[in-house]
Structure formats: C-alpha cells, structure tokens
Amino acid sequence: MRKAIVKITHTMSDETYKQLCDGVSARFGTDTEFEKVFDETLVGGFVLKLDGIVYDYSVRTQLKNIKKHISD
Amino acid sequence: MDMLTSLGITKDLIADLIINIGSIVVLFVIVKKLAYKPIKKFMDARAERLAAQKAEAEALSEEANKRLDEYNILLAECDNAKSEAIAQGEAIAHRESEQIITEAKRTAEEIIRKANEKAQEDYKKTMGEADDYIVNLTMEASSALLKRAVNDDDNKKIVEEFLKTIDGDKNA
Amino acid sequence: MSNDIYKSKSEYLKSKLGSYTFEPLVYDYGTVKSVGDGVARVEGLQNRLYGELLEFKNDVFGMALDLEENGVGAVLFDSADSVIVGDSVRGTGRVAEIPVGNVLLGRVIDPIGRALDGKPLEAKEYLPAERPAPTITDRRPVKTPLETGILAIDSMVPIGRGQRELIIGDRQTGKTSIALDAIFNQKDKDVICVYCAIGQKASNIAHVIEQLKKNGAMPYTVVVASTASDSPATQYLAPYCACSVAEGFMNMGKDVLVIYDDLSKHAVAYRAMSLLLHRPPGREAYPGDVFYLHSRLLERSACLKQELGGGSITALPIIETMGGNISAYIPTNVISITDGQIYLETELFHSGIRPAVNTGLSVSRVGRSAQHDAMKKVSGTLRIELSQYREMAVFTRFGSDVDEATAKLLRRGECLTELLKQGKGEPMSLFEQTVTLLAYRENVFDNIPVKGVREKARELIEKVRAAHPEYEFEINNTGKLTDDIEEQLKRFLGEH
C-alpha cells in the first residue's frame, strides 16, 4: 500500500486529475492511495510525491528555471 | 787794569772765568772720554734696533701682502666653486623636477585610468542591475498573467507529458 | 535608458526565451525521522554519495555521513533549531564545495563558502573540499626555500616550498606568532597564503585578521575561518576547504603557504561528530580513522612538477600539546605524517628565549636542500655548537670551575642563544641573517657583553648596508654569498 501526495491548483479539472492518477497507478501499481492537496502557488501543473521521489511538473518551478536561464 | 776794574771785571772774576772755562774744558774732556763712547754705543744700538724693527715691519708687511694675494686667489676659487655648485645644484633640481613631473604625470594617468575602470565597472553593475530588474519584472508579470491564464488544457498537456515519460521509463 | 539598449535587451530576452525548454524537476526526498545534537536522521534518500550535501528547509544544509539501508544520518552545518521532525530533505547530488580563484584574495570566508567580511562574494569556480592528493609521479623534490624571516628557523630548521612542517607546543608558546611571521615575510615574494582557523575564539580570529591588515598581508592572503561556536561539521570541513582553496592557486602554478591553526581542535571536532554518529570510539575516544583524517589532508601539500605548472603547497599545521607531552595520540600521529617539526617549549618562552624553539628536538627532514647557498655557508656548525653548549651548561650549574676552552664554548653558546632571539613581527631578510651569522662565525661578538650582542648585530647590519648597499641587493636577490663578497664582509666586520 503506497501513498502518493498530489499537489494541484484549482485550474485543473477533475478529469485531468483522474487521468493523472490512473496513469500513475498503471505504471507503479494499483495499490496506490492518492491524496489531493490544493496549492495555488504552483500557478499550474502538479507536484507528485511518491516512493521517496518528487516529480515537480509545476509552472512555478519552470518560471524559476526560466529566470535562471535568462540570467546566465 | 783799571779799565777792566771800572767795568766790574776784577781779578777774581777773571780767575773765576779761567777756572770755569778750565772746568768746562776738563769736564768736556772727561765726559768725552768717559761718556762719549757708551753713549755712542747706546745710540748706535738704538739706531740698530730701530733699523731691525723697521726691517721686521717691512717683512711682515710683505707677508701680509702675500697672504692677501693668496686670499684673493682663494676667494676667486671659492667663487668658481660656488658657481659650479650652483650650476650642479640647478642641474640636479632640474632633473628632479623633471622626475617629479613625470611621476606626477604617471600618477595622474593612473588615477584617470582607475577612474575610467571604476566608471566602466559601475556602468556594468548598473546595467547588470537593470537586467535583473527587467528579468524580475518580466517574471512577476508572467507569473501574474499565467495565474489567470492557465486553464485545464495546459494542465492536461503537462499531465500527458508526465505520463509519457514514466511510460517510457517502464518500457526501458 | 535609450531605445537602443531597450531594443537590444528585448531581443536578448526573446532569444533566451525562445531557447528554453520545459524541464521538469525530479529529485529524491527523505523525511526527517529524528534530530538532535546537530545530527539529523533521515528516512528515505537511499543512494546518497558519502559526504553529499543535503538541503533541509529554510536553507539549512547537512552532510550525509552515515549511509544506511533505510536512510542517512547527516550532520547539520548550521544550527539545528529550524529542523523539525517530518520535514522534507532533498539530496543535492554534490559534495561539499568551496569557491576558488583570485577573487578570494583578501577575503574572509567560512568553510561553506559564505563571505564573513560583509562584502558579497562572486565566485566563478568551485572545487570539492575532498580531493585526491597529487600522485607520486606528479611531484618533484623540494628544492626552493620558503623564507620565514625567523633566524632560528631559517638557519637550523629550514623549510622548503612543498614541505609539511609541524609547529608543536603548549598553549601560549608563540605557535600562531611564528605562523603569522611566516605569512608577513611572504610579502613581495610571490607566495599566496591561506590561514585556516579551526574552532578558535572569534576574538582571536579577529585579532589575527587585524594583524594581517596592519602588516599589509591581506592582499595576498585568504582566511578560512570556523569559530568555536560553529557546528562540529563546519569545523571538520574547514581545513579541507582551506586546502582546496590552496589547490586552486597551486593549479595556476603558484606557490602557496597554508597554516592550519590548529589540528588538535580539528581532531576534537571530528571526535565529537563521530561520537554523535555512534561510531565506535578508540584510543582517547577518538574514532579509528583519526590518522586518516590528518594524513589525507597533509598529503595534498606537494611540490608539483613543471609540466603541471610547477606550483606548490607548503603546509604549517599547528598542534597544541598538554604539558609538553608530544607522545600523546594526536601529536605522534601528526609528527609521523609531517616532514619535520618545530618544537616550542614553555620553559624557553618564560626564560625570555623567543621564539622558544627547542633546536635539539626540532628537525626538518628536507634540511639543507631547501636553504639558500648563503645560509648554508654561514649556518653549518650552529646546531652542533648549541648542543655542545647545552651539554656543558648543565655542569656549570654546579658552580664548578671550567677550563678556557669550555669557557669559550659557553660564552659562544650564550652569545648564539642571544642572537637567535627575535621580536614578534620583526622578520629578518636573508642579507640580515647572513651578516649576523657571519659575524658570529668570525668571532666579532667575542668581546661584547651578552646583553648587547643583538644591538651590536643591528649596528653591524646598518653599517654594511650603508657602506655596501650592493651586497644586500646581491645576497637578497641571488641567495648566494660569493667568495669575494664573503672575504670583503669578513674584513669589514673585523674592522668594526
């Protein structure tokens, strides 16, 4: 029984969220329990914490990267 | 004789006269014999002494003249040396003043160069700061914009990207 | 801003934005299971590197030193107050690094690379704190002298560039003073200095920095400081970081002098860390690898061969003994690692002999090959004379009468001991040292009361300097004392 924490914003529809959870279960195993957390600071996208690994696909992180990319 | 007596000239007077004259003669002879020589010696010696003193004085005077000449020569040399020293001193002062001027010029150039460098640095820094400011502004604006603009389609795209990646991992 | 600049900026931005691609961030994370005594136990985060930097919340960093199957034990660098159980911990994938390069000259930094002198530090290059030492084939023999400016050391215990020379003694015997004098003497000698303060009082470190500034040494010195209030992990890292800073300069072909002040506190900090990580204690409660702790640090001091730039690192580690006991665990370890030691004694210090160097027990294993020719010529018999003097001096304590030969020996010994005294912050150039020792060898001081010998030596140096300035130039710049100059000097000294 593994636990996954998914942080999303309110702009994500339930349908997309379900798509995400199904995809993860298919890949990692169907005994995954999902916890939904709303975090508006992400601006968009999601952050998935599972099995000791963080998958940060949020727009906020991308903005940070862009900023660093420009400054170089 | 009576004529003589009427004049007052008695025998005693004539005797006195003869005795006096005789005494004078005798005295004269005695003094000449006794005193003449020593006195002459004394006078000669005095004359010699005076002559010697005169000679000494002349010699001193000559020497003084000689010394005066030497002194004049020395003075002349001093003057030469003085003018030489002055000339040398001038040369040195001139050289040093040139050095100082060159040094001052160099320092001034250095200062100007440093000031230029600093100005460049400051300019770059300001430009850098301006850059950062622009970037920050842009990011804030984008972020604020995106907050309102992100819709579900974008989210869907991101999720699909993610699923593709992990599926790729699974098959690998 | 003018339109041109605006246009160029926007062009630049557009191009940069165009070249950007979506890059998701994927990283391992762990959870803090317990925290206390500066050690945090993290669950998860397997597959870490040994010594990897872990990032906790609020910009707190730690070093992973205990790698277990289910997690890691990490020592925290900063105060552990802000780390709570349950916090997420991220692995950074890199081990401890320190900035290197010319940008560090004149600065004071801590082992994490942060500037401590109030000005921002912009470093371009970084080197890891732990690096392998140069291999055997990368090195060349130590031949060039490192002048400390201290007569007692340069004449009898000479140090070469690339050597490790230990400065060992009790507290308050002048160890740091010798090290600082060596730094001051490197002015205009193209040697960069790194002073590493390990676990010292902040007031002491401030005093040292003040002295460095006053003597104009800051432009060629870097200070790596960890105070006594820093965590054991920070104190543990300090010397390795200082060595990496030095290696940064050595790789540029420069000669570097590193002072580790002091390694006793370093061993104590490592012991504290190991005990908190529950590592089994060994002798004197030190962990079993305390020898390796210092050997891997000191082995990184080397003299590189010309093909690699020809740079060198000379290390002057400092060890504080207790009660003059150089047979304790840590002192014997470090003595066996270094290429010689300078042994400072409290008794000598209190009897007015400063620097308090015990010339009998001090040794330099590189020895004469690291001395200038001029010094070799005039310092040949000094050690023997001093040791004979010491032997004889014991007998005179009993008030016995001595024959003429012994009396002469004693007198010369006293004279030499007086000549070797030197004030703090008064370095002597090679010329001054050569003239002093030559005068001693030529018996110039034989008829002068012992108390006035140093004054006379100074006088002689001034006279030679005034009469023959070309000798000073020749000796200082070529390091040689030609037979010609030696003869003329002997004659000159004999006349005065």
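Parameters and conventions
- Residues numbered from 1 in each chain as written.
- Chains lettered and ligands numbered in written order.
- Predicted model: local features only at pLDDT ≥ 70, side-chain atom pairs only at ≥ 80, totals over all residues.
- Helix = DSSP H or I, 4+ residues; strand = E, 2+ residues; numbered from the N terminus.
- Buried ≥ 20, exposed ≤ 12 C-beta atoms within 10 Å, placed from the backbone.
- Contact = placed C-beta atoms within 7 Å.
- Nonpolar A, V, L, I, M, F, W, Y, C, P; charged D, E, K, R; others polar.
- Pairing = 2+ DSSP bridges.
- Axes fitted to C-alpha atoms, helices over the stretch in contact; angles between N-to-C directions.
- Left-handed = near helix turned anticlockwise from the far one by under 90°.
- Expected span 1.5 Å × (residues − 1).
- pLDDT = per-residue confidence, 0-100.
- Core = buried A, V, L, I, M, F, W, Y, C linked by C-beta atoms within 7 Å.
- Arc of directions from axis to C-beta.

(A) View of the overall build of chain C. Looking only at helices and strands, chain C features 16 helices and 16 strands. Viewed in the frame of its principal axes, chain C has a C-alpha envelope of about 90 × 65 × 40 Å. Counting all 496 residues of chain C, 43% fall into the buried class. Within chain C, residue pairs in contact and separated by at least 24 positions form 73% of the contacts whose partners lie at least 6 positions apart.

(B) Focus on the overall build of chain A. When helices and strands are tallied, chain A shows 2 helices and 4 strands. Its helices and strands taken in sequence order, chain A reads β-α-β-β-β-α from the N to the C terminus. Across its three principal directions, the C-alpha atoms of chain A cover 45 × 25 × 15 Å. Classification of the 72 residues of chain A by burial places 29% in the buried group.

(C) Expanded view of the interface of chain A and chain C. Residue-level contacts link 13 residues of chain A with 14 residues of chain C. Looking at the side of chain A that touches chain C element by element, the count peaks at 6 residues for helix H2 (residues 59–71) of chain A. Along the lines of polarity and charge, the residues of the side of chain A that touches chain C split into 6 nonpolar, 5 polar and 2 charged. Both strand S4 (residues 53–58) of chain A and strand S1 (residues 25–36) of chain C contribute to a ladder of 4 bridges, which runs antiparallel.

(D) Highlighting the packing of helix H12 (residues 404–420) of chain C against helix H14 (residues 453–467) of chain C. Residues and elements named next belong to chain C. Relative to each other, H12 and H14 sit at 65°, their axes nearing to 9 Å. Of the two elements, H12 crosses H14, and the hand of that crossing is right-handed. Here H12 contributes Cys-415, Glu-418 and Leu-419 to the contact with H14, which in turn contributes Val-453, Arg-454 and Ala-457. Class assignment for the residues of the contact of H12 with H14 results in 4 nonpolar, no polar and 2 charged.

(E) Local environment of helix H6 (residues 263–276) of chain C. Residue and element names in this part refer to chain C. The end-to-end C-alpha distance of H6, which contains 14 residues, comes to 20 Å, matching closely the 20 Å that a straight helix rising 1.5 Å per residue would cover. Among the 14 residues of H6, 10 are classified as buried, and the element is accordingly described as predominantly covered. Those residues of H6 lying buried are Leu-263, Ser-264, Lys-265, His-266, Ala-267, Ala-269, Tyr-270, Arg-271, Met-273 and Ser-274. Immediately downstream of H6, the backbone of His-278 shows phi near 65°, a positive value.

(F) Spotlight on the sheet that holds strand S8 (residues 108–109) of chain C. Residue and element names in this part refer to chain C. The mixed open sheet is built from 8 strands, whose spatial order is S8-S12-S11-S13-S14-S10-S15-S16. Of all the strands in the sheet, the pair left with one neighbour each is S8 and strand S16 (363–364). Of the strands in this sheet, S8, strand S11 (191–200) and strand S12 (221–227) touch helix H4 (residues 202–214), which is tilted by about 170° from S12. Here helix H5 (residues 232–250) sits on the sheet and contacts S11, S12, strand S13 (255–261) and strand S14 (312–320); the angle it forms with S11, its principal contact strand, is near 175°.

(G) How the structure looks around the packing of helix H7 (residues 290–298) of chain C against helix H8 (residues 329–337) of chain C. Residue and element names in this part refer to chain C. At a minimum axis distance of 10 Å, the contact between H7 and H8 shows a crossing angle of 35°. In this structure, H7 meets H8 at a crossing whose hand is right-handed. For the pair H7 and H8, contact is made by Val-290, Phe-291, His-294, Ser-295 and Leu-298 and by Asn-333, Val-334 and Ile-337, respectively. Classifying every residue of the contact of H7 with H8 by side-chain character gives 5 nonpolar, 3 polar and no charged.

(H) Region of interest: the interface of chain B and chain A. Across the contact, 19 residues belong to chain B and 18 residues belong to chain A. Going through the elements one at a time, helix H2 (11–149) and helix H3 (152–171) of chain B are the ones with two or more residues in the side of chain B that touches chain A. When residues of the side of chain B that touches chain A are assigned to their parent elements, the largest contribution, 11 residues, is made by H3(B). The residue inventory of the side of chain B that touches chain A, partitioned by class, reads 9 nonpolar, 4 polar and 6 charged.

(I) Seen up close, the confidence of the model for chain C. Confidence along chain C averages 92 in pLDDT terms, with 99% of residues attaining 70 or more. For this predicted complex, the interface confidence score (ipTM) comes to 0.82, while the overall pTM stands at 0.75.

(J) The arrangement of unusual backbone geometry in detail. Residue and element names in this part refer to chain C. Going from Asp-261 to Asp-262, the amide bond is cis rather than trans, its omega being -10°. Within the fold, Asp-262 resides in the loop between S13 and H6. Note that the residue after Arg-354, namely Pro-355, is joined by a cis bond; omega there is 10°. Tracing the chain through its elements places Pro-355 in the loop between helix H9 (346–350) and S16. Here the phi dihedral of Leu-45 falls at roughly 55°; this positive angle occurs in a residue that is not glycine. The phi dihedral of Asn-443 is positive, around 60°, even though this residue is not glycine. Mapped onto the elements, Asn-443 comes out in the loop between helix H13 (430–441) and H14.

(K) Highlighting the nonpolar core. Grouped together as the largest cluster of nonpolar side chains are 134 residues, with contacts concentrated most on Val194(C), Cys196(C), Val224(C), Ala242(C) and Val258(C). With 12 residues, the top contributor of residues to this core is H5(C). Beyond its immediate stretch of four places on either side in the chain, Ala242(C) contacts Val194(C), Cys196(C), Val224(C), Val258(C) and Tyr260(C). Of all hydrophobic cores here, the second largest spans 16 residues; its members include Leu48(A), Tyr57(A), Val59(A) and Val150(B).

(L) Looking closely at helix H1 (residues 14–28) of chain A. Residue and element names in this part refer to chain A. The end-to-end C-alpha separation of H1 is 21 Å, in line with the 21 Å expected for 15 residues at 1.5 Å each. Buried within H1 we find Thr-16, Leu-20 and Val-24. Projected down its long axis, H1 shows its buried positions confined to an angular sector of 75°, all on one face. Of the exposed residues in H1, those oriented more than 90 degrees away from the buried face are Asp-14, Glu-15, Lys-18 and Asp-22. Phi turns positive, to about 125°, at Gly-29, one or two residues after H1.

(M) Highlighting the pairing of strand S6 (residues 88–95) of chain C. Bridge count between S1(C) and S6(C): 3 bridges; the pairing is antiparallel. What sits directly across from Tyr29(C), in S6(C), is Arg90(C).

(N) Spatial organisation of the environment of Met43(B). All names here are of chain B. When you line up the elements, Met-43 lands in helix H2. When the 10 C-beta atoms within 10 Å are taken as the criterion, Met-43 is described as exposed. Through-space distance from the C-alpha of Met-43 to that of Ile-166 is 156 Å; in sequence the pair is 123 residues apart.

(O) Molecular detail of the confidence of the model for chain A. Across chain A, pLDDT averages 85, with 97% of residues at or above 70. The secondary structure element of chain A with the lowest average pLDDT is H2(A), at 79, and the one with the highest is strand S2 (residues 32–38) of chain A, at 89.

(P) Broad picture of the environment of His278(C). All names here are of chain C. On the secondary structure map, His-278 appears in the loop between H6 and H7. Owing to 10 C-beta atoms within 10 Å, His-278 belongs among the exposed residues under this scheme. Spatially, the C-alpha atoms of His-278 and Asp-66 are 9.6 Å apart, while their sequence positions differ by 212 residues.

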